[in-house]
Amino acid sequence: MQQGWVRLHERGLAALYRLFDGLLIFLILVFCLTIWGHDVSKDWLIVALLAIASFTFLAESVDLYRSWRVDSYLSLLGACSFAWISVCLFLLLIGYFSKLGTDYSRLVVGSWFFLTLLLLLSWRMLLRQFLCYFRARDRNIRRVAIIGVTNSGLRVARDIDANPQLGIRVEGFYRVPQIADSVVPNEQLERIKVLGDVSDAVALARAGQLDYVYVALPMREEDKIAEILAAFADTTATVHLLPDFFVANMLHARWYQLGSSSLLSVYDTPIVGLNSWLKRMEDLVLASLALIALAPLMLAISFGIRLTSPGPIIFRQRRYGLDGRVIDVWKFRTMRVQEDGDKIQQANRNDSRVTTFGRLLRRTSLDELPQLINVLQGSMSIVGPRPHAVAHNEQYRGLVSGYMLRHKVKPGITGWAQVNGWRGETDTLDKMSKRVEFDLHYIRNWSFLFDLRILMLTLSKGFVSTNAY
């Protein structure tokens, strides 16, 4: 009974979700037509059918109707947003190339696009909250057995216990013969619920009393792991492996097929395929709008630099970009020198090299505005890890673990580290380590909505920082 009605009717509910989305898209269009005084004509019905068909196709392509039990809100809402925004762009392209766009009310189309996105996201958030509420109260749960009394098994058990809203419950641990539990401290062993050995877990899975099985054994025990996997192949339980090394350092692990060999990528980027197109579209739109809006300010800054100190207005510095390739990053000149050699001293408080006007630009981050041109060129992104001078990259790559992994994505004008306070001078190794930690978190968890969150934080917290000299 704890698994509940939802589990028993999972396939039917998925079909109902698809039907509800299609009905929602149609009804919102009818509502918008009514509000703006238009009739529901044949032409509008064709548009509605195109939208529903294309959304259904795109939703399936991003696996929108699967279980999102263990995924974040951002992942779910990002997949839904991508599907609907793609539909909107598809319809706009059809209208443009068929020259029929003028036959349709822009007010109706604009309000329909916006309201549909809002309601598609809203009902999913409400459903997610509803399910989390009941899962936290032992309804619609999934039962888990952890094979192996190891540190990785303990870690995942703690993570599950800390998130009851996921509806996953650990039945207990199961020992594996000939593999000792010595990897776990004795004081923790006393608090572990050990229910038997692996054969008992297999029996439970065969009886349909386990939903998930987590195999938490050292990777050196590959023969024993293979035996366990073969045993659970005779059950319907979903089996996951918990490797005991490098997991925390994975960027975006994926399986690849090379001939008959299966390869697991460890250090990879999530911004590939459709994601790369979405990210590039985001950059082009935001950079273009920002340049148009900020053109008068940038012109005023250019005059200010020219009038207050001799030298060029724009300063170009070599920095590492995507995949560690050297790029020229543009900035408004804020110093009396233009250092770009093998050794570069970071700007510090009361730095004599910084001009009076340049100090204002640096404190308010206005000196970074020319990097919008870098974004249009494609060498940078609006959001991403901040690029460092080549000299600083060479200095820190041997001191901070995972430092060069920052370059698995394009560098950005603003980033997750910056909105969390890790910007400006890195006069200690700990400051640089924290910046890298936040940058890698961004790469692991990238999504379109995560980018929007960082942009909102950048705007709300302002561009002024006491750490920027």
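Residues numbered from 1 in each chain as written. Predicted model: local features only at pLDDT ≥ 70, side-chain atom pairs only at ≥ 80, totals over all residues. Heavy atoms only, no water.

K.L.:
Would you take a moment to explain the sheet that holds strand 5 (residues 238-241) for this structure?
P.N.:
Picture the strands of a sheet paired through backbone hydrogen bonds; they go either parallel or antiparallel. Across the sheet, which stays open at both edges, the 5 strands sit in the order 3-2-1-4-5 with parallel pairing between neighbours. With one partner strand each, in any of the chains shown, strand 3 (194-197) and strand 5 form the two edges of the open sheet. For this sheet the average axis-to-axis angle between neighbouring strands, irrespective of direction, equals 30°. Sheet topology places strand 1 (residues 142-147) next to strand 2 (residues 168-175); 6 bridges connect them, and they run parallel. The residue of strand 2 that forms the bridge with Ile146 is Phe173. Sheet strands in contact with helix 8 (residues 198-206) are strand 1, strand 2 and strand 3, and its direction is about 95° off that of strand 3. (Pairing = 2+ DSSP bridges. Helix = DSSP H or I, 4+ residues; strand = E, 2+ residues; numbered from the N terminus. Axes fitted to C-alpha atoms, helices over the stretch in contact; angles between N-to-C directions. Contact = heavy atoms within 4.5 Å.)

K.L.:
In this structure, what is going on with the packing of aromatic side chains? I would like to understand it.
P.N.:
The description of an aromatic ring pair uses the distance of the two centres, along with the angle that the planes make with each other. In this structure the tally under the stated criterion is 13 aromatic pairs. Seen from their ring centres, Tyr442 and Phe450 are 5.6 Å apart, and the 45° between their planes marks the pair as tilted. Look at Tyr442 and you get buried, because its relative accessible area is 2%. One cation-aromatic arrangement involves Arg406 over Tyr403; the distance from NZ or CZ to the ring centre is 5.5 Å. (Phe/Tyr/Trp six-rings, centres within 6.5 Å; stacked < 30°, edge-to-face > 60°. Buried < 20%, exposed > 50% of the residue type's maximum accessible area, 1.4 Å probe, protein only. Lys NZ or Arg CZ within 6 Å of the ring centre and 35° of its normal.)

K.L.:
Help me understand the pattern of salt bridges, please; the structure alone is not making it clear to me.
P.N.:
Where charged atoms from two side chains of opposite charge approach closely, those side chains can pair. The full count for this structure, using the stated rule, is 12 salt bridges. The partner of Glu60 in a salt bridge is Arg18, and the shortest N-O contact between them spans 2.5 Å. Pair noted here: Glu60 is in helix 3 (residues 42-61) and Arg18 is in helix 2 (residues 10-35), with a separation of 42 residues, a long-range link. Across the salt bridge formed by Glu368 and Arg386, the nearest N and O atoms sit 2.9 Å from each other. Placement of the pair is Glu368 in the loop between helix 11 (356-364) and helix 12 (371-377) and Arg386 in the loop between strand 10 (381-383) and helix 13 (390-396), with a sequence separation of 18 residues. (Salt bridge = Lys/Arg side-chain N within 4 Å of Asp/Glu carboxyl O.)

K.L.:
Mind showing me how you'd approach the environment of Leu91 here?
P.N.:
As for its position among the elements, Leu91 is in helix 4 (residues 73-97). Through-space distance from the C-alpha of Leu91 to that of Ala51 is 7.4 Å; in sequence the pair is 40 residues apart.

K.L.:
Which parts of the structure should I look at to understand helix 8?
P.N.:
An α-helix turns once per 3.6 residues; consequently, residues spaced three or four apart project the same way. Every buried residue belonging to helix 8 is among Val198, Ala201, Val202 and Ala205, and all of these are buried. Within helix 8, the buried residues cover an arc of 100° as seen down the axis, which keeps them to one side. For helix 8, the secondary structure elements touched by its buried residues are strand 1, strand 2, strand 3 and helix 9 (222-232). Within two residues after helix 8, Gly208 carries a phi angle of roughly 80°, on the positive side. (Arc of directions from axis to C-beta.)

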